[in-house]
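Given next are the chains, with one letter for each unit.
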Amino acid sequence: MKIARFDGGRIGVVLGDEIVDVTEACGIAPGEWPPVGPVRLIRDFAELRPAIEAAAAAGERLPLASVRLETPVPWPNKIIAYPVNYHAHGKEMQAGYRATNQGFFLKPNSSLSGPADPVVLPNVPGREVHHEAELGIIIGRTARGVKREDWKDYVFGYACLMDMVVRGREERVFRKAYDSFCPVGPWIATADEVGDAEQLDFKLWVGDELRQSANTRDLVLDIPGMIETASAVMTLQPGDIIASGTPEGVGPIVDGDKVRIWIENVGEMTVDVVQGSEGATEVFAQAYVPPIIKQN
């Protein structure tokens, strides 16, 4: 099943190029604050699924292009991200560490945006903002101390995720925390819809230029390892999002760009890039020196 959030917090099931509104069957109030309905939906999905499937079968189908898709889980308990989780990306960035010996970091919920929202570049002259294509792993059950072999029991589904970053050597979270720096969407494809998540191709383009192309089988710390590692440290909650880490090919985005991400069996989305007027800070007052020189 592909579960989307749209038009002010409504919930829909995506069927090809159409969508069926199943908000009532999910027991969600559109426009609620905070917008935690999707978290409850994920927690209660096994119980709600028959009603959702019935509503999807009987409901009116609308053209997917006629609705405004929104980020599917706007208020997770946390967003967990693994840095340098592909060897080739570590080499191109001259990083001597990997996710296996560095651990994870957290991104703020306020950085989340959806497929219809632009990435807004902050006003930081002398700095580049780079794209990073990643698989978003959506946790489905409360979990602590998960063993590798049990990881599938705790995954609800998957989404496309882009982790945007102001390139530099300052604190990683600071550089990745701007509003709109974590586009997630266009929906959640449930785990049974996706199949083998450890063998997924994915790609990212800027305009017509293919920038990134990889497969999840090449992760340094694989999906079972990411869940095991995160749950060893903290309790995972339904709706938590794990960002898998990005492969090689990261690069700058500028005003007017269109960035497209595609993940096999999950979906694809394209987001616009616009230049904003906010975001200036003394931390980024100096140009990044030395410049990043990628290694082949």
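Everything below is about the structure printed above this text.
Summary of the structure given here. Predicted model, so just to flag it, every value in this text is computed and none were measured. (Residues numbered from 1 in each chain as written. Predicted model: local features only at pLDDT ≥ 70, side-chain atom pairs only at ≥ 80, totals over all residues. Heavy atoms only, no water.)

**Thoughts on the pattern of salt bridges**
Filter applied, for reference: What counts as a salt bridge is simple: a side-chain nitrogen of Lys or Arg found within 4 Å of a carboxyl oxygen of Asp or Glu. Numbering of helices and strands runs from the N terminus; a helix is a DSSP stretch of H or I covering at least four residues, while a strand is a stretch of E covering at least two. Burial here depends on accessible area, computed with a 1.4 Å probe over protein chains only, as a share of the maximum for the residue type. Under 20% is buried, over 50% is exposed, and the range in between is partly exposed.
If you walk through the whole model with that rule in mind, you get 18 salt bridges. Between D21 and R10 there is a salt bridge, and its shortest N-O distance comes to 2.5 Å. Remark: R10 occurs in strand β2 (residues 10-15) and D21 occurs in strand β3 (residues 18-21); sequence separation between them is 11 residues. For D21, a relative accessible area of 30% gives the class partly exposed. A salt bridge links K176 to D163, with the nearest nitrogen and oxygen atoms 2.6 Å apart. You can see K176 sitting in helix α6 (residues 172-176) and its partner D163 sitting in the loop between β12 (155-162) and β13 (165-166), a full 13 residues away along the chain. Judged by relative accessible area, K176 falls into the buried class, the value being 5%. When salt bridges with common partners are traced through the structure, they connect K107, E132, D163, R167 and K176 into a single cluster.

**Focus: the nonpolar core**
Selection criterion: By convention a nonpolar core is built from buried Ala, Val, Leu, Ile, Met, Phe, Trp, Tyr and Cys residues, the set being connected through side-chain atoms within 4.5 Å. Any two residues whose heavy atoms approach within 4.5 Å are treated as being in contact.
If you look at the biggest cluster of nonpolar residues, it comprises 49 residues, and the most contacted ones within it are Y158, I223, I227 and I253. Within the residue set of this core, elements represented by two or more residues are β9 (119-121), β11 (133-139), β12, β15 (201-206), α8 (223-233), β19 (258-263) and β20 (267-275). Residues contacting I253, with those up to four places away along its chain left out, are V119, L121, V129, H131, M164, V206, V259 and V273. By size, the runner-up hydrophobic cluster in this structure holds 29 residues, among which are I3, V39, I42 and V73.

**Some words on the side chain of S180**
Relative to the helices and strands, S180 resides in the loop between α6 and β14 (182-190). For S180, a relative accessible area of 8% gives the class buried. Discounting residues that sit within four places of it in the chain, S180 has contacts with S110, S111, S113, P118, V119 and V120.

**Comments concerning unusual backbone geometry**
A negative phi angle is the norm for most residues apart from glycine, just as the trans form is the norm for most peptide bonds. Omega for the bond connecting W33 with P34 falls within 30 degrees of zero, at -5°, which places this linkage in the cis form. With an omega of -5°, the peptide bond running from G185 to P186 counts as cis. At S180, a residue that is not glycine, the phi angle is positive and equals roughly 75°.

Limitation: the analysis is restricted to geometry and does not speak to function.
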